[in-house]
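# Survey of secondary and tertiary structure
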Amino acid sequence: MKFLIFSGTTEGRTLAELLSKDGIKADVCVATEYGKEIMPTLPGILVREGRMDVGEMVSLMEDGAYEGVIDATHPYATEVTQNIKEASKMAGMTYHRLLRTISAAPKDTPVFSDDAEVCAYLNQHPGNVFLSVGAKALPIYCEKIDDIKRLYARVLPQEDIVREMAQMGMEKSHMILMQGPFSKELNEAMLRQTNATYLVTKNSGQVGGFEEKIQAAQDCGAISLVIGHEDETGDDLDTLYKKLTGKEPVKKQVVTMLGIGPGSLEFMTQAGVKACESADVIIGARRMLDSLSSFGKETLCEYASDKIVKYIKDHPEKQRFVIAFSGDTGFYSGAKKLHDILKSFSNIQVENLCGISAIQYLASKLKISWEHMKLCSLHGRSMNVISAIQKHEAVYVLLSDASSVQKFAATLMSAGLGKLTMHVGVNLSYPDEVIESRCVRDFFDFSKEGICAAIVENPDAGAPVVTSGMKDEEFIRGEVPMTKEEVRTVCLSKLMLRSDSIVYDIGAGTGSISIEAARLIEQGRVYAIEQKAEGCDLIEQNKDKFHLQNLQVVMGQAPQALLDLEMPTHAFIGGSSGNMKEIIAALLEKNPKIRIVLSGIAMETAKEMMELAEEYEDAKIEIVQITVAKAKELGHYHLMMGQNPIYIMTLAFGEEA
């Protein structure tokens, strides 16, 4: 048998691989040189490059002695599909349509009939646009979008595409030349880098990374604009393969993400042992492979996700892979990123097997329970661990090596926590395992090398205060204005912060709002933006006093000082230097769903607030005025001394509204 495949998609390449494995010949037609480059070299598979009209297709079909024609082109290549159908009918060939599984767009996601309709929408809505629609659609956007500088386009890395984009007036800095698949994290990074308000994409299905794009946009606060397409009739890959060959499809490659536990084989689960026994290849870092050497399997020493994926795709003859991860795959593991990439391939089945994590092992060796512990990691990342230790009776921290233990101990000592008890485990479950328990300050010169983990106990932590309300006297003060205690409490309550919020405190002054917000959101980050050097110095002093690792001081004037910061979820504006409208516009460009709280004393500020209320009718708006009076002792009497009345305005956009 011999088939003619019109391809250029993952499904077409996969079908060619399956036919080749079964000894069946096929000619695969691709439109571009790049399409030919990414087709693997396969026995019995001939790749033809170049676009064809209907007449050329008919000639090829009549001369090739094919059993049938398979249309595996992109779901949105409707004109090509129509030409293949017409040519097949004229040549008397059996036509098969290989369908892609299409993902459902999330509820309330705008869906458009074509690119021109999207352009009309974008011309009515400001903000940067991240285009993931393919190179063929770009001329429509470059022609119809009023301001082409809004556009950032991700396309295949082909010289002809770059030339065409340049001729259309697109700057090179707005061209993103990459070949997928793209993980959610990579999509998210690109959206943040381009400050995209909108993501424009076709519903390219799971194989085309549609879900990863939509989820990334949601996490970035960007709005997804989806171009729909007409429903088609045809067969999925498995059904068509069986129809063509009369056989069940070749079994998919199975990739098992395996948590091997702390390291020693005796602590691996039975399911993990069975997976290794049946594996064709075991992949992992050297330490993991050394632990699994007794299985006698072929190994690949690698931990970079892209190289692992390439190896699996380049070895279709291997059916079962085990990728080994230390501890458990669900605790600060590289398994998540790799899983997100692999699940986009229709011919790969991903399984996940948990393992015993280091926290379980260390707690059992110390004969203590761990359900009450706060779990943190400083292994290749940063967290506000000081705050966690101050609030929790026990905190587990994943560390790296001996130097990381020393640095961690020094950090705790600087925060006045040197007398706490710390347990450090090194090379857990291995023959050279070491577990030491002593005061934090006694780990300052720790030198045992190996993978380290620690548990810090703070019996005096008690239940943490979960509301705002720090006393004004707690702050280091200067001549810089500060939002007073009662007003600060109301402003923070109006912000409605979450544990992972990203907060801008604009016109931060002494940083009282920044300090309280950073203490409340352990897993979030706060940026204190202040244009005066004296104010920045005071904020740094208060940051050090309260040991806040999730607070960053930014010296500069808004909105210019906001440009290079990550996307905020919340913002407090305590001082705008007359730039209130410009600041709010900049915040909305970064995140159309942001929640903003403003405060002011002057009547002019109140007037600005009313003007904002009229301008942003689509936001949920609340304006309150509060007046605080505090008792002051005069002789034997206490008199209530009034403070200036304060105007507080809340602007909630998008989902917050």
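Residues numbered from 1 in each chain as written. Predicted model: local features only at pLDDT ≥ 70, side-chain atom pairs only at ≥ 80, totals over all residues. Heavy atoms only, no water.

## Considering the overall build of the chain
Scanning the chain for helices and strands turns up 22 helices and 30 strands. Counting every position in the chain, which comprises 657 residues, the buried fraction comes to 51%. In the chain, once contacts between residues fewer than 6 apart in sequence are set aside, the share between residues at least 24 apart is 66%. Within the chain, the 91 negative side-chain charges are centred at a point lying 3 Å from the centre of the 69 positive side-chain charges. (Helix = DSSP H or I, 4+ residues; strand = E, 2+ residues; numbered from the N terminus. Buried < 20%, exposed > 50% of the residue type's maximum accessible area, 1.4 Å probe, protein only. Contact = heavy atoms within 4.5 Å. Lys, Arg positive; Asp, Glu negative; His and termini not counted. Charge placed at Lys NZ, Arg CZ, Asp CG, Glu CD.)

## Structural notes on the pattern of salt bridges
Scanning the entire structure with this criterion turns up 21 salt bridges. Across the pair Asp-27 and Lys-2 runs a salt bridge, and its minimum N-O distance is 3.6 Å. Here Lys-2 lies in strand E1 (residues 2-6) and Asp-27 lies in strand E2 (residues 25-30), a separation of 25 residues in the sequence. With relative accessibility at 4%, the residue Asp-27 sits in the buried group. With a closest N to O distance of 2.8 Å, Arg-488 and Glu-516 form a salt bridge. In this pair, Arg-488 sits in helix H18 (residues 485-495) while Glu-516 sits in helix H19 (residues 512-520), placing the two residues 28 residues apart along the sequence. (Salt bridge = Lys/Arg side-chain N within 4 Å of Asp/Glu carboxyl O.)

## Focus: the pairing of E2
Most of E2 is tucked away: five of the six residues are buried. The pairing of E1 with E2 spans five bridges and is classified as parallel. When the bridges of E2 are listed, Phe-3 appears paired with Ala-26. In this view, the connection linking E1 to its parallel neighbour E2 by way of helix H1 (residues 10-21) has right-handed handedness. (Pairing = 2+ DSSP bridges. Right-handed = clockwise from strand over helix to strand, strands pointing away.)

## Here we look at the packing of helix H21 (residues 580-590) against helix H22 (residues 603-615)
One way to put it is that H21 packs onto H22 with a least axis distance of 11 Å and a crossing angle of 40°. Here H21 lies oblique to H22, going by the angle between them. The hand of the H21/H22 crossing is right-handed. Side by side, H21 and H22 meet where Met-580, Lys-581 and Ile-584 of the first sit next to Thr-605, Glu-608, Glu-611, Leu-612 and Glu-615 of the second. Within the contact of H21 with H22, the residues separate by chemical class into three nonpolar, one polar and four charged. (Axes fitted to C-alpha atoms, helices over the stretch in contact; angles between N-to-C directions. Parallel < 35°, antiparallel > 145°, perpendicular 65-115°, else oblique. Left-handed = near helix turned anticlockwise from the far one by under 90°. Nonpolar A, V, L, I, M, F, W, Y, C, P; charged D, E, K, R; others polar.)

## A word on the sheet that holds strand E3 (residues 45-49)
Taken together, the five strands give an open sheet; going across it, the order is E3-E2-E1-E4-E5, and neighbouring strands pair in parallel fashion. Edge strands, defined here as strands with exactly one partner in the open sheet, are E3 and strand E5 (95-97). Geometrically, the sheet is characterised by an average inter-axis angle of 20° between neighbouring strands, direction not taken into account. The pairing of E2 with E3 spans five bridges and is parallel. Looking at E3, one finds that Cys-29 is bridged to Arg-48. Packed onto the sheet, helix H3 (residues 54-63) meets E1, E2, E3 and strand E4 (68-71) and runs at close to 165° relative to E1.

## Details of the sheet that holds strand E18 (residues 394-398)
Spatial ordering of the open sheet is given by E17-E18-E21-E19-E20, a layout of five strands whose pairing is mixed. A single partner strand is all that each edge strand has here, and the edge strands are strand E17 (374-377) and strand E20 (434-439). This sheet shows a mean twist of 20° between the axes of neighbouring strands, independent of strand direction. Note: strand E19 (residues 421-426) against strand E21 (residues 452-457), six bridges, orientation antiparallel.

## Side note on H3
Of all the positions in H3, only Val-54, Met-57, Val-58, Leu-60 and Met-61 are classed as buried. Down the axis, H3 shows its buried residues gathered within 165° of arc, on one side only. Exposed residues lying more than 90 degrees from the buried face of H3 are Glu-62 and Asp-63. In this structure, the buried residues of H3 make contact with E1, E2, E3, E4 and helix H4 (78-91). (Arc of directions from axis to C-beta.)

## Observations concerning the side chain of Asn-591
Locating Asn-591 in the fold gives a position in the loop between H21 and strand E26 (595-600). Setting aside residues up to four positions removed in sequence, Asn-591 forms contacts with Gly-221, Met-567, Pro-568 and Thr-569.

## Here's the deal with a negative patch on the surface
Together, Glu-33, Glu-37, Glu-49, Glu-159, Asp-160 and Glu-164 give the surface a local cluster of negative charge. Broken down by secondary-structure element, the contributors of at least two residues to the negative patch are helix H2 (33-37) and helix H7 (159-167). Counting residues per element, the negative patch draws most heavily on H7, which supplies three residues. On the secondary structure map, Glu-49 appears in strand E3. For Glu-49, a relative accessible area of 45% gives the class partly exposed. (Patch = residues over 30% accessible without salt bridge, like charges linked within 9 Å, V, L, I, M, F, W, Y side chains within 5 Å. Areas by Shrake-Rupley, 256 points an atom, 1.4 Å probe, with all protein chains shown as cover.)

## Looking at the packing of aromatic side chains
Taken as a whole, this structure holds nine aromatic pairs when the rule is applied. Look at Tyr-121 and Tyr-198: their rings are 6.1 Å apart centre to centre, the planes differ by 90°, and that puts the pair in the edge-to-face class. Linking Tyr-121 in helix H5 (residues 115-122) with Tyr-198 in strand E10 (residues 196-202), this pair joins segments that are 77 residues apart in sequence. Relative accessible area serves as the criterion here: at 5%, Tyr-198 is assigned to the buried category. (Phe/Tyr/Trp six-rings, centres within 6.5 Å; stacked < 30°, edge-to-face > 60°.)

## A word on the nonpolar core
Counting 30 residues, the largest nonpolar core has Ile-584, Leu-587, Ile-596 and Leu-598 as the members making the most contacts within it. Mapped by element, the contributors of at least two residues to this core are strand E22 (502-506), strand E23 (525-530), strand E25 (570-573), H21, E26, H22 and strand E30 (646-652). If you tally residues by element for this core, the top one is H21, at six residues. With residues up to four places along the chain from it excluded, the contact list for Leu-598 reads Ile-573, Met-580, Ile-584, Met-609, Leu-612, Tyr-647, Ile-648, Met-649 and Leu-651. Core analysis: the next-biggest nonpolar cluster, separate from the first, contains 27 residues, Met-470, Ile-521, Ala-528 and Phe-546 among them. (Core = buried A, V, L, I, M, F, W, Y, C linked by side-chain atoms within 4.5 Å.)

## Description of a nonpolar patch on the surface
A cluster of nonpolar side chains, namely Leu-634, Tyr-637, Leu-639 and Met-641, defines an oily patch on the protein surface of about 420 Å² accessible area. Of all the elements, strand E29 (residues 637-642) adds the most residues to the nonpolar patch, at three residues. Residue position: Leu-639 is located in strand E29.

## Regarding the environment of Ser-400
Summarising the element assignment, Ser-400 is placed in the loop between E18 and helix H17 (402-414). Taking the C-alpha atoms as reference points, Ser-400 and Gly-450, 50 residues apart in sequence, are found 7.7 Å from one another. Excluding its chain neighbours within four sequence positions, the residues that come into contact with Ser-400 are Leu-378, His-379, Gly-380, Gly-450, Ile-451 and Cys-452. One polar contact links Ser-400 to His-379, side chain to side chain, over a distance of 2.8 Å. (Polar contact = N/O pair within 3.5 Å; in protein donor to acceptor, adjacent residues only side chain to side chain.)

## Re the packing of H3 against H4
At their nearest, the axes of H3 and H4 sit 9 Å apart, and the two run at 45° to each other. As far as their axial angle goes, H4 and H3 are oblique. Crossing handedness for the pair H3 and H4: right-handed. Together, Val-54, Met-57, Val-58, Met-61 and Glu-62 of H3 and Asn-83, Ile-84, Glu-86, Ala-87, Ser-88, Met-90 and Ala-91 of H4 make up the contact between the two elements. Its residues assigned to classes, the contact of H3 with H4 comprises eight nonpolar, two polar and two charged.

As far as function goes, none of this settles anything; it's purely spatial.
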